[in-house]
Amino acid sequence: MNRTRLTMGLMLTTALAAPALAQDDQPYQLDEIVIYYGALEPRSADKTAQAVTVLSKKDMERSGETRLSNLIAQTPGVGILARGPMGAQTGFTIRGVSQNYVKVLVDGIDVSDPSAPQVATDLGRLNTFNFDRVEIMRGTQSALYGGSAVAGVINLDTPRPTEEGVSQSVALELGSYKTANFAYNFGWKQGDDELSIQLSKIYTAGFSAADEKDGNTEKDGYKADRVSLRAQKRVSDNLLIGFAGFAQNDRGEYDETAFDPVTYASYPVDGTPDEVTDAKTRGARLFAQFETGPVSQEVALSYFRLDRHTAGSTALYGPTYYDYVGKRRKFEWLGHAEIGSGKASFGFDRTLENYTSNSTYGGSDAFTSVTGIFAEYAFAPVEGVNVIASARHDQLSSFGDQTTGRLGVTWRAAPDTLLKVSLGNGYRAPSGYELYGPYGDATLRPEKSISGDFGIEQKFGAHTLTATLFRIDVKDLIDYADPAYYQTSGTATRQGVELGMKGPITGNIGYSLGYTYLDKKNPSGLSSGSTWNSAFGRHTLTAGIDAKVTDTITLAADMRIVTDRQDQPDYGLLNAQMTYDLGSGKEAYLRIENVTDTDYQLWPGYGTSGRAAYVGLRARF
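Bear in mind the structure is a predicted one, so any value in this text is a computation, not a measurement.

Chemist: Go over the overall build of the protein with me, naming the residues and quoting the values.
Modeler: Assigned secondary structure in the protein consists of four helices and 36 strands. Here the C-alpha radius of gyration of the protein, 23 Å, is about what a compact globule of 621 residues would show, namely 25 Å. Its C-alpha atoms put the protein at 65 × 60 × 45 Å along the principal axes. In the protein, buried positions account for 55% of the 621 residues.

Printed below as a string of structure tokens:
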């Protein structure tokens, strides 16, 4: 049974309290540059009508989180659904809409799994040590990114050099559950020429994925090795070429599924032997940027492949195995030109996806393609007002054409007041598995959505208040009822409000507060396994504080309270961290997760970490 809880709030630890940091080191700057891959030029936040959260490397270090899922759970609109410790399958939601409707990119490479029943990204295997920047866009993005961007887009950037010459850094963390996490970064930069390499490794013995309070004691561990590479070269004044790529091998243990003999309801239990998933992930992207007359252009080729082998058992069916291979190839062309009083962006892309699977119960395979053309025009009709209009048309190989659009407007109503409004439509295409798998239906059509945001940012001296109203409606949902997937009628709705406040208490102490209300409405007749029936918190309250107590010691704490989680109990979490500046670019830290040792679940039957302690060292040289 698929259930999800939604945890939403604002980033909990900030640098507002640290006067030694430059202003542009602080999160949520109004003029923070937002990077969009594949459809837009970089644009400052006060000209972006979308609700966007950007987390820098400093933000990640201040939070102390090493699981990427835990980090983004502290941001507005994001909820996490983890089935156990690091490495366990981890879904997520944005504004109550599941990972099936969110596109995730690493250095511009789409990393969703084409071989999954619904094409989506599993966050359980991603480590914050591997990224320098996280960008979370909330609201429909299909007019820019095509299908599967109904609820939003998450962009992840791997490390790249920011200073001329050679730079290096290391990060090491040791702690509870026999966890060891390590990353080494090498960077070189000379003008526009860059090279960056990262090597990382993580190991943890973990804890039982099936909740220990139900008598499960078998630990479920995880280990991963990853290498990332980014490079670019200025060949001439008119040509810049570049490459980004990564490779990861990992192995994670999980718990088997048992079934109630009367109701046949499923639940996790310890199994013998350990259930294991081995995965190999590869991604690469080549690009070239150049100008032809008044048009600046970029062409890119990207490749993604994920191989998964799962071996385990179930109490009902005995030993099982699954082998999956998912591949994606994509070509992109993007142009920019000044037209009239505004800037136009336009281009096309073509994506090929295929998967093959073999298992105890048989195998299947599928191939799909999408060809898209898109355009966007940004202009300022009057001073203080910015308008961005986007449109896209996709030709899908098996289920017709889709046209999407989005209109966004920002208005600087006063020096301290910014208003934002956006409206757009989107779609999620049926996956290859839903179309052609053993339970597929080749007549399925894309799910369609429409969403809107209205937001305000108001400054009161050094303090900033943000508020956003949002709503998303999705129709033609794809659901499963034995023996196959089918198209439903009716509309699923998610709507709510996000509130935030941040600022300094004193010159050395800063705070952040957040509150999110989320309401849902589902059409009747959805299966219990539908992600639209996932549990989430109707109310989420967050609070964070960051204090520089001496020249070398900084203390931070954050709290998250989630209530009204449908059939799941309310819970509250408290985390704390102390950082000691060793000088010369080195610092040590101690962080405590779940200080109060709260017992809670993010997915029914699956455990979460109790109180845990970690010590770490970061050094730049």
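Chemist: Tell me about the sheet that holds strand E3 (residues 51-56), residues and numbers included.
Modeler: Read from one edge of the open sheet, five strands run E3-E9-E10-E7-E8, paired in mixed fashion. Two strands in the sheet have a free side with no partner beyond their single neighbour: E3 and strand E8 (109-110). Two elements, E3 and strand E9 (residues 133-138), share six bridges in a ladder whose sense is antiparallel. Each residue of the ladder has a partner; that of Ala51, found in E9, is Arg138.

Chemist: Explain the nonpolar core to me, using residue names and the numbers behind them.
Modeler: The biggest cluster of nonpolar side chains holds 42 residues, and the ones touching the most others in it are Leu68, Ile72, Ile80, Val134, Ile154, Leu156 and Trp532. Residue contacts for Ile72: discarding those within four places in its chain leaves Val78, Ile80, Leu123, Val134, Ile136 and Ile154. Formed by 11 residues, the second largest nonpolar core is a distinct cluster that contains Tyr355, Tyr433, Leu444 and Ile478.

Chemist: I'd love a proper account of the pattern of salt bridges, names of residues and values included.
Modeler: The final tally for this structure, using the stated rule, is 35 salt bridges. In this structure, Asp107 and Arg230 form a salt bridge, with 3.0 Å as the shortest nitrogen-oxygen distance. Of the two residues, Asp107 is situated in the loop between strand E7 (102-106) and E8 and Arg230 in strand E14 (residues 220-236); the sequence distance between them amounts to 123 residues. Each member of the pair, Asp107 together with Arg230, is buried. Put simply, Arg328 and Glu353 hold a salt bridge, and the shortest N to O gap is 2.7 Å. With Arg328 in strand E20 (residues 318-339) and Glu353 in strand E21 (residues 342-359), this pair connects stretches of sequence that are 25 residues apart. Accessibility assignment for this pair places Arg328 and Glu353 in one class, buried. Salt bridges sharing common partners tie together Glu61, Glu587, Arg618 and Arg620.

Chemist: Account for a nonpolar patch on the surface, with residues named and values stated.
Modeler: Together, Leu172, Leu174, Phe182, Val549, Leu555, Met578, Tyr580, Leu582, Leu590, Val615 and Leu617 make up an exposed nonpolar region whose accessible area comes to about 900 Å². For the nonpolar patch, the secondary structure elements donating two or more residues are strand E11 (165-175), strand E34 (571-583) and strand E36 (612-620). Tracing the sequence through the fold places Leu555 in strand E33 (residues 553-563).

Chemist: Can you break down the pairing of strand E35 (residues 586-593) residue by residue, with the values?
Modeler: Within a regular beta strand, the side chains point alternately toward one face of the sheet and then the other, so they alternate between its two faces. Of the two faces of E35, the one lined by Glu587, Tyr589, Arg591 and Glu593 is fully buried and the one lined by Lys586, Ala588, Leu590 and Ile592 carries no buried residue. Here E34 folds back onto E35 in antiparallel fashion, the turn holding two residues, of which Ser584 has a positive phi close to 55°. Of the pairings in the sheet, the one linking E35 to E36 comprises eight bridges and is antiparallel in character. Its bridge partner lying in E36, Leu590 is registered against Val615.

Chemist: Pulling in residues and values, what's your account of the packing of aromatic side chains?
Modeler: Going through the model one piece at a time under the given rule, you end up with 13 aromatic pairs. Where Tyr177 meets Phe207, the ring centres are 5.1 Å apart and the plane angle is 55°; that geometry is what we call tilted. Linking Tyr177 in the loop between E11 and strand E12 (179-190) with Phe207 in strand E13 (residues 193-207), this pair joins segments that are 30 residues apart in sequence. For Tyr177, a relative accessible area of 23% gives the class partly exposed. Aromatic ring contacts, followed pair by pair, group Tyr355, Tyr433, Tyr439, Tyr480 and Tyr485 into a single cluster. Above the ring of Trp603, the side-chain terminus of Arg83 is found at 3.9 Å from the ring centroid.

Chemist: Please provide a residue-by-residue account of the pairing of strand E31 (residues 509-521), values included.
Modeler: Bridge count between strand E30 (residues 491-504) and E31: 12 bridges; the pairing is antiparallel. Within E31, the position partnered with Gly496 by the bridge is Leu518. Where E30 folds back onto E31 in an antiparallel hairpin, the turn is made up of four residues.

Chemist: Run through the sheet that holds strand E6 (residues 97-98), naming residues and quoting values.
Modeler: Spatial ordering of the open sheet is given by E4-E5-E6, a layout of three strands whose pairing is antiparallel. Across the chains shown, the open sheet's two edge strands, defined by having one partner strand only, are strand E4 (78-82) and E6. Bridge count for E4 against strand E5 (residues 90-94) is five bridges, and the pairing is antiparallel. Bridge assignment links Val78 to a residue of E5, and that residue is Ile94.

Chemist: So what about the environment of Gly572? Which residues, and what values?
Modeler: Along the chain, Gly572 falls in strand E34. In the structure, Gly572 is positioned 338 residues away from Arg234 in sequence and 51 Å away in space, judged by C-alpha atoms. Gly572 has contacts with Arg560, Ile561 and Thr598, leaving out every residue within four places of it along the chain.

Chemist: Kindly report on unusual backbone geometry, identifying the contributing residues and their values.
Modeler: Between Asp482 and Pro483 the backbone carries a cis peptide bond, its omega angle lying at 20°. With respect to the element layout, Pro483 can be found in the loop between strand E28 (478-481) and strand E29 (484-487). One non-glycine residue, Lys178, adopts positive backbone phi at about 55°. With respect to the helices and strands, the residue Lys178 is situated in the loop between E11 and E12. Not every positive phi belongs to a glycine, and Asp476 is a case in point at roughly 60°. Summarising the element assignment, Asp476 is placed in the loop between strand E27 (463-475) and E28. Under the relative-accessibility criterion, Asp476 is labelled buried at 16%.

Criteria and cut-off values
Residues numbered from 1 in each chain as written. Predicted model: local features only at pLDDT ≥ 70, side-chain atom pairs only at ≥ 80, totals over all residues. Heavy atoms only, no water. Helix = DSSP H or I, 4+ residues; strand = E, 2+ residues; numbered from the N terminus. Rg over C-alpha atoms; globule rule 2.2 N^0.38 Å. Buried < 20%, exposed > 50% of the residue type's maximum accessible area, 1.4 Å probe, protein only. Pairing = 2+ DSSP bridges. Core = buried A, V, L, I, M, F, W, Y, C linked by side-chain atoms within 4.5 Å. Contact = heavy atoms within 4.5 Å. Salt bridge = Lys/Arg side-chain N within 4 Å of Asp/Glu carboxyl O. Patch = residues over 30% accessible without salt bridge, like charges linked within 9 Å, V, L, I, M, F, W, Y side chains within 5 Å. Areas by Shrake-Rupley, 256 points an atom, 1.4 Å probe, with all protein chains shown as cover. Phe/Tyr/Trp six-rings, centres within 6.5 Å; stacked < 30°, edge-to-face > 60°. Lys NZ or Arg CZ within 6 Å of the ring centre and 35° of its normal.

Honestly, it's all geometry; don't read function into it.
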